[in-house]
Each structure stands twice: as structure tokens, then as C-alpha cells.
Amino acid sequence: MTRLLAILLIWISSAALLAQGPADVAKAESAITLEDYKAHLLTISSDEFGGREPSTPGEEKTVTYLRDQFAALGLKPGNGDSWFQDVPLVAITTTPEKRMEVQGVARGFSMPFGTHWVAASRRLEPEVRIENSELVFAGYGAVAPEYDWNDFEGLDLKGKTVLVLVNDPGFATQDSTLFTGNAMTYYGRWTYKFEEAARQGAAGVLVIHETEAAGYPWGVIGGDRISANYYLEAKDGNKSRCALEGWISEEAARNLMAYAGVDYDAQKEAAARPGYRAQPLGVTYSMTLKNEIHRSTSRNVLALLPGSDLKDEYIIFSAHWDHFGIREDLEGDNIFNGARDNGTGTAALLSMARAFSSLPNGTRRSILFMPVTAEEQGLLGSAYYASHPVYPTNQTVAVINMDAMNIFGPMKDITIVGKGLSELDEYVLAAAKEQGRYVRPDPEPQKGVFYRSDHFSFAKQGIPALYARMGVDHVEKGEAWTRRISAKWTIENYHKVNDEYDPAMWDLRGTIDDIRLLFRIGFRLAQSDAFPNWYPGNEFRARRDADMARKSGE
Ligand SMILES: [Zn+2]
């Protein structure tokens, strides 16, 4: 018996055991149609929806449409009596001083804002002041118990500012025995470094920008343009965050450390070796940051399809509904329709809900469909849900996220972004085999794409999260063609006003394949009583294990 046949037999027999015949499953899957999907996609990404910016009339249209569609499919409000979860957002425009004056050795050292460093403050205070903060070079700024690594060991960082390298020691050395080698771990993300520095009680954190390690040039973050950043508002007014969070250019960091009499390259090399001790630079700076603060409220949509005997366990399908709205200062077309990003994923939630609600005997576990807000501002809607979960995290089996789906036609393959992280991989392998497709790992794991969409907010709380994205091996046109057209799309359309449905170019056959594949995974999870976990050694596993142990009362 071939392996494929064996998997198919296991699949069919398990489906039959659970009182849902394969015919029922196939019928439910066939409710995911191109016509239905395309109609939702065109509506959501129409000019009328105004680019779906949070807290605008575009939001009202979008969340109302989603609620009405879910209700028409017979789903239930997912947050008590409500279809929505309010997400409090705060927009902060930070204006730092024009120069950072560093004191301590000889004449002092001055660095202009924009070209040498950038910074903001999340604290909800009109003026944030840092006084005589000592600068400390702290390697990669990581506390990673699974790798027996602590860059802050024995340090008291109260009132100090840490300089930390971007990415992680595995990437820096390309040593597969350090962290996960070339593939980025969460410890490599700048978002982690900001969080960890705050946990350590530091007053400030500056991530040292290096183009290769960051994956983008200084121009992406540098420059003296002051604009608003969106954040969630914590009860403490974000006082638990560092007063100053920012970046420093590699050149500026090198010069600053030379001024302090410390060799940048030697420190950097040492920092990638186990047992590195952080290096206080013996120099200080002071800085005042002025904050302009605007509060608003946005909404996650929560639609529930209750299960049967395991209805208190949940599978979440997520996709961000938001995009960039309308830019009044642009001439001509100024609506960011976000048809692919993320009209495709949002419409897929409706197709998915249609399939699940057409199962004659429903599912054992409950399915929660969750279009989330403010992804484009930093995964804020999903982060809010994950830290204010309506359903207990240890009763949430898995999250399957969809963001900017395949629009280029049928593919022989499917990509798991973050392949090798959790047992959910095995569900993808089985479902892909059933479609006669194969699974491809993340082509650029060093870029940390896994940490950049909504599923990651759930992963941080320990919930196993799957981010499967388009394949590249086009059934008719091959791989080179897909890579070419996909790269072209990224340059010409990604995050631009012309991320619009283009009937001449878009081919949604492959999108439907992918939605059906994810439906099969969700169905399988919903009929099982298994809780797939992160693989051993993964950075999210300890949190999940602790959370699950709380449930079983250990
Ligand atoms: Zn997106």
C-alpha cells in the first residue's frame, strides 16, 4: 500500500467514524465556489468600502457586511450577544529632539535624528523624559531559555538604554546549532527586542540596523518624517513599555561605540557566542520626546459555529479585514482597496463559513471565524484578542490564518511559512496529498515572515498557529513564471492603491484550492480530540505546555 493510500484510508475511516461521511465532507467542500468567493472579494475590495481603514466609515461598512453574511449563514455572535469585540487603539505621533547628545568621554558626541537614529514612545504621556541614561551594548537582547541564552544575565537595566543587534546569533553565524541557524526565531524580531528590554526594566532600547540581518535597508525605517504609530492602549497607559523605542543605523552605532572606546565588530562577534556578557559603554544621554495622542476604537468580528460534544474547544480561522483606507493627499485614485491584502483572506473566511455551515452534522468542536482589525498597524486586532480572549486559550486548539492569498492560478504546491514549528504541519501534508499537491517550506525563513501576520499574536500566547500560503509551482506555467509575476506584483501593487482585482491577471482557481485545503485541515481538527502542539524546542512550546497544564489542574 502506498503512503498516500494509507493516509487516505485513515482519513476516510476517521471521517466515517465521526458520523460525517466522506460524501458530506466533499459536499461541504464544494460549497466553496469561485462565484461565491469572488462576489465577496469584489464587494469587500470595492471603492465603496473605502480601503477599510480602522475607525472610519470604511470599517462600519466592512464589519456590517461581514456580520450580515455570517448571520445569513446561520452562525452565532461570537462574543456573548455581540458579533464584535471592541479594540481600543491609540495613535501616537512622537517628536523626539533633533539630536541625541551623548556625554561621558572628552567632548561629547552628537547624532542627528533621522539619518543616525529614529525613536518613538508608546507611553500615553504628552512628554516623556529620559535623564542621563547609560548606554549598554547587550548583544542580541535575547532571553531564550530553550537555547540556554541570556544576554541580560546579572544586569540591572533600570534607567539605562540598551543597544541590541537585529536578528539572532543563528543568522549571524549561519551555524545551524545556534538558535535555528539561518531561519529567524522570534528572538530576532525587533518587536521582541522592544518587549524584552521593557521586561528588563530598561528606560530605552535602540535596535542596531544592519541591512542583511534586518532584511531591508535603513531607508525603510530611517528619515526625519514624523508620523503617527498605532498601538493598543494598556491599562497602565503603556508605562510598562520602555520610554524610548527606536533604531540606530549601523554606522552610527559603530561610531558611538568607538567614541566610547569599544570595538563594534569585536563585540558583535562575541555577542554571537554563548556566554557573552553585555558591555556597558560608560556614556549617557538625555532626551525629551513629545507625544501627540489620539484615541479611537475599532472592532474584531467574531462569528461562532458551535460544535457538538466538544463545543467548548475551538478552532479559529483568522484574517485581517483592515487595510490603509483613503489618502486624501494623493491625486487620482487614492483608495487603498487592499483586494489581495487582505480582501482575499477576508472573503475566504466567508467561503469557509459557508462550507462548515453546510455540513449536515456540524462539527464536534466549535469553529470561530475571526476577521480582525488593525493588522497593518502592527497586528493590533489579533494581539488584542489574544490578550483578551473570549474563549480560554487552552481550549483553543489552533489558529489558521489567511493573509494575501494566491491570485495567480492553480499550484502543484503550497507553502508553509514557518514549516517545522508545530504538528499542524502534518495536517497540511495530509490535506495537500489529498489534493495531489506537495508542501514547500518557507523560501526565506531568515526574514521571519511567520512573525508578521495575525496568527503570530496567537502563537505568542502559546496557541499553535498555521500560516500556509501560496505555492509557486504553477500547474500550467511552472515555477519561474510564478516567481516572476509574484515579484512584479509585490513591486507594483503591494501596499499601493492598485492592489485591486484585475480580471486580466487574477486567476482565483488556486485560491479556491487553498481555501478547500485549509477547510480540510480545520475539519480534521474539529472532528478530533487531539491538541497538536509546537514541536519540542520551539520558542512557544513552554507557554503552551504551562497553559494546558493549568487546564488539567496540574
Ligand atoms: Zn495583510
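Residues numbered from 1 in each chain as written. Predicted model: local features only at pLDDT ≥ 70, side-chain atom pairs only at ≥ 80, totals over all residues. Heavy atoms only, no water.

Novice: What am I meant to see in the pairing of strand β18 (residues 365–372) here?
Specialist: For a regular strand, side chains alternate in direction, first toward one face of the sheet and then toward the other. The buried count for β18 comes to eight of eight residues, which makes it a mostly enclosed element. Note that strand β14 (residues 303–305) and β18 share three bridges and pair antiparallel. Looking at the pairing, L305 lines up with I367 of β18. Where strand β15 (residues 310–320) lies against β18, eight bridges are found, and the strand directions are parallel. Note that in β18 the partner of A319 across the bridge is P371. (Buried < 20%, exposed > 50% of the residue type's maximum accessible area, 1.4 Å probe, protein only. Helix = DSSP H or I, 4+ residues; strand = E, 2+ residues; numbered from the N terminus. Pairing = 2+ DSSP bridges.)

Novice: What's the story with the pattern of salt bridges in this structure? I'm lost.
Specialist: In a structure, side chains of opposite charge can pair up when their charged atoms sit close to one another. Scanning the model with the defined rule gives 31 salt bridges in all. E434 is the salt-bridge partner of R520, the closest N and O atoms lying 2.1 Å from each other. Here R520 is found in helix α15 (residues 509–527), whereas its partner E434 is found in helix α12 (residues 424–434), with 86 residues between them in sequence. Accessibility assignment for this pair places R520 and E434 in one class, buried. Through salt bridges that share partners, D413, R440, E479 and R483 make up one connected network. (Salt bridge = Lys/Arg side-chain N within 4 Å of Asp/Glu carboxyl O.)

Novice: Would you take a moment to explain helix α3 (residues 34–44) for this structure?
Specialist: The periodicity of an α-helix, 3.6 residues per turn, causes residues three or four positions apart to be oriented the same way. Taken residue by residue, α3 has D36, Y37, H40, L41 and I44 as its buried positions. Each buried residue of α3 lies within a common arc of 130 degrees when the element is viewed along its axis, so the set occupies one face. Looking at the buried residues of α3, the elements they touch are α4 (57–72), α10 (339–357) and α15. (Arc of directions from axis to C-beta. Contact = heavy atoms within 4.5 Å.)

Novice: Looking at this model, I keep getting lost on the nonpolar core. Mind explaining?
Specialist: Side chains of a nonpolar character, in soluble globular proteins, are inclined to be buried together. Grouped together as the largest cluster of nonpolar side chains are 65 residues, with contacts concentrated most on F70, F317, F356, F369, L518 and I521. Here F369 is in contact with F70, L75, V301, L302, A303, L305, F317, L349, M352, A353 and F356, once residues within four sequence places are set aside. If you look at the next biggest cluster of nonpolar residues, it comprises 58 residues, including A213, I248, Y259 and A278. (Core = buried A, V, L, I, M, F, W, Y, C linked by side-chain atoms within 4.5 Å.)

Novice: Mind showing me how you'd approach the domain arrangement of the chain here?
Specialist: Examined at the domain level, the chain breaks down into domain 1 (3–83 + 302–551) and domain 2 (91–294). With centres defined by C-alpha atoms, the gap from domain 1 to domain 2 works out at 34 Å. Put simply, domain 1 and domain 2 have one salt bridge between them. Between E195 and K460 there is a salt bridge, with the nearest N and O atoms lying 2.6 Å from each other. Between domain 1 and domain 2 we count six residue pairs in polar contact (both at pLDDT 80 or more) in total. Here the side of domain 1 that touches domain 2 gets three residues from one element, more than from any other, and that element is helix α11 (residues 380–387). Here the residues of the side of domain 1 that touches domain 2 are counted per class, giving seven nonpolar, five polar and five charged. (Domains from an automatic or database assignment. Polar contact = N/O pair within 3.5 Å; in protein donor to acceptor, adjacent residues only side chain to side chain. Nonpolar A, V, L, I, M, F, W, Y, C, P; charged D, E, K, R; others polar.)

Novice: Before we go on, may I ask you to explain the coordination of the zinc ion in this structure?
Specialist: When a metal holds four donors in a tetrahedron, each ideal angle between them is 109.5 degrees; when it holds six in an octahedron, the ideal angles are 90 or 180 degrees. Bound to the zinc ion are the protein donor atoms H320 (NE2), D341 (OD), D403 (OD) and D403 (OD), situated 2.0 to 2.6 Å from the metal. For the zinc ion, the four donor atoms in the first shell make angles of 53 to 152 degrees at the metal, a pattern classed as irregular. (Donors = N, O, S within 2.8 Å, 3.2 Å for Na, K, Ca; no water. Tetrahedral: all angles 85-135°; square planar, octahedral: opposite > 155°, others 65-115°.)

Novice: Any chance you could explain the packing of aromatic side chains here in plain terms?
Specialist: The geometry of two aromatic rings is summed up by the distance between their centres and the angle between their planes. Within this structure, the stated rule accounts for 30 aromatic pairs. Ring geometry for F324 against F336: centres 6.2 Å apart, planes inclined by 80 degrees, an arrangement best described as edge-to-face. One end of the pair, F324, is in the loop between β15 and β16 (325–326); the other, F336, is in strand β17 (residues 335–336), with 12 residues separating them in the sequence. Taking the relative accessible area as the measure of exposure, F324 reaches 27% and is therefore partly exposed. With a relative accessible area of 8%, F336 lands in the buried category. Put simply, the rings of Y147, W149, F179, Y186, Y187, Y192, F450, Y451, F456, W534 and F540 touch in pairs and so form one group of aromatic residues. Its end group placed over the ring of F84, R299 keeps NZ or CZ at 5.3 Å from the ring centre. R340 extends its terminal NZ or CZ atom over the ring of W489, reaching a point 4.7 Å from the ring centre. (Phe/Tyr/Trp six-rings, centres within 6.5 Å; stacked < 30°, edge-to-face > 60°. Lys NZ or Arg CZ within 6 Å of the ring centre and 35° of its normal.)

Novice: Can you walk me through the pairing of strand β6 (residues 127–137) in this structure?
Specialist: The pairing of β6 with strand β13 (residues 279–301) spans eight bridges and is classified as antiparallel. By the bridge assignment, R129 is partnered in β13 with T288. Pairing of β6 with strand β9 (residues 161–165) involves three bridges; the strand directions are parallel. Bridge pairing in β9 places F137 opposite L163.

Novice: What's the story with the sheet that holds strand β21 (residues 438–441) in this structure? I'm lost.
Specialist: One key point about sheets: their strands pair by backbone hydrogen bonds, in either a parallel or an antiparallel sense. If you walk across this open sheet you meet the three strands as β21-β20-β23, and the pairing is mixed. Either end of the sheet is taken by a strand with one partner, and the two such strands are β21 and β23 (468–470). Averaged over all pairs of adjacent strands, the angle between strand axes in this sheet comes to 40 degrees, irrespective of strand direction. Two strands pair when backbone bridges link them, and strand β20 (residues 413–416) and β21 are joined in this way by four bridges, in the parallel orientation. (Axes fitted to C-alpha atoms, helices over the stretch in contact; angles between N-to-C directions.)

Novice: Even after reading the chapter, I still don't get the sheet that holds strand β1 (residues 76–77), so can you show me in this structure?
Specialist: Across the sheet, six strands lie side by side as β1-β14-β18-β15-β19-β22; this open sheet has mixed pairing. Each having just a single partner strand, β1 and β22 (465–466) make up the two edges of the open sheet.

Novice: Explain the packing of α12 against α15 to me, please; I cannot follow it from the model alone.
Specialist: For any two helices packed against each other, the geometry comes down to the angle between their axes and how far apart the axes lie. Remark: α12 packs on α15, axes separated minimally by 9 Å, with the N-to-C direction vectors making an angle of 125 degrees. If you check the angle between α12 and α15, you find them oblique. Between α12 and α15 lies a crossing whose hand is right-handed. In contact with L424, Y427, V428, A430, A431, A432 and E434 of α12, α15 contributes L517, R520, I521, R524 and L525. Residues that form the contact of α12 with α15 fall into these classes: nine nonpolar, no polar and three charged. (Parallel < 35°, antiparallel > 145°, perpendicular 65-115°, else oblique. Left-handed = near helix turned anticlockwise from the far one by under 90°.)

Novice: Is there a simple way to think about the side chain of S298 in this case?
Specialist: Here S298 is to be found in strand β13. Among the polar contacts made by the side chain of S298, one reaches the side chain of E59 at a distance of 2.6 Å. Every residue in contact with S298, bar those within four places of it in the chain, is listed here: P54, S55, E59, Q85, D86, V87, L89, W321 and T373.

Novice: What am I meant to see in unusual backbone geometry here?
Specialist: Glycine aside, the phi torsion of most residues is negative, and most peptide linkages are trans. Of note, the amide linkage connecting D341 to N342 takes the cis form, showing an omega dihedral of 10 degrees. Among the secondary structure elements, N342 is positioned in helix α10. A positive phi is found at N167, a non-glycine position, where the angle reads about 70 degrees. Residue position: N167 is located in the loop between β9 and α5 (169–173). With phi around 55 degrees, A374 is a residue other than glycine that occupies positive phi space. Along the chain, the position of A374 falls in the loop between β18 and α11. Using a relative accessible area of 0% as the deciding quantity, one classes A374 as buried.

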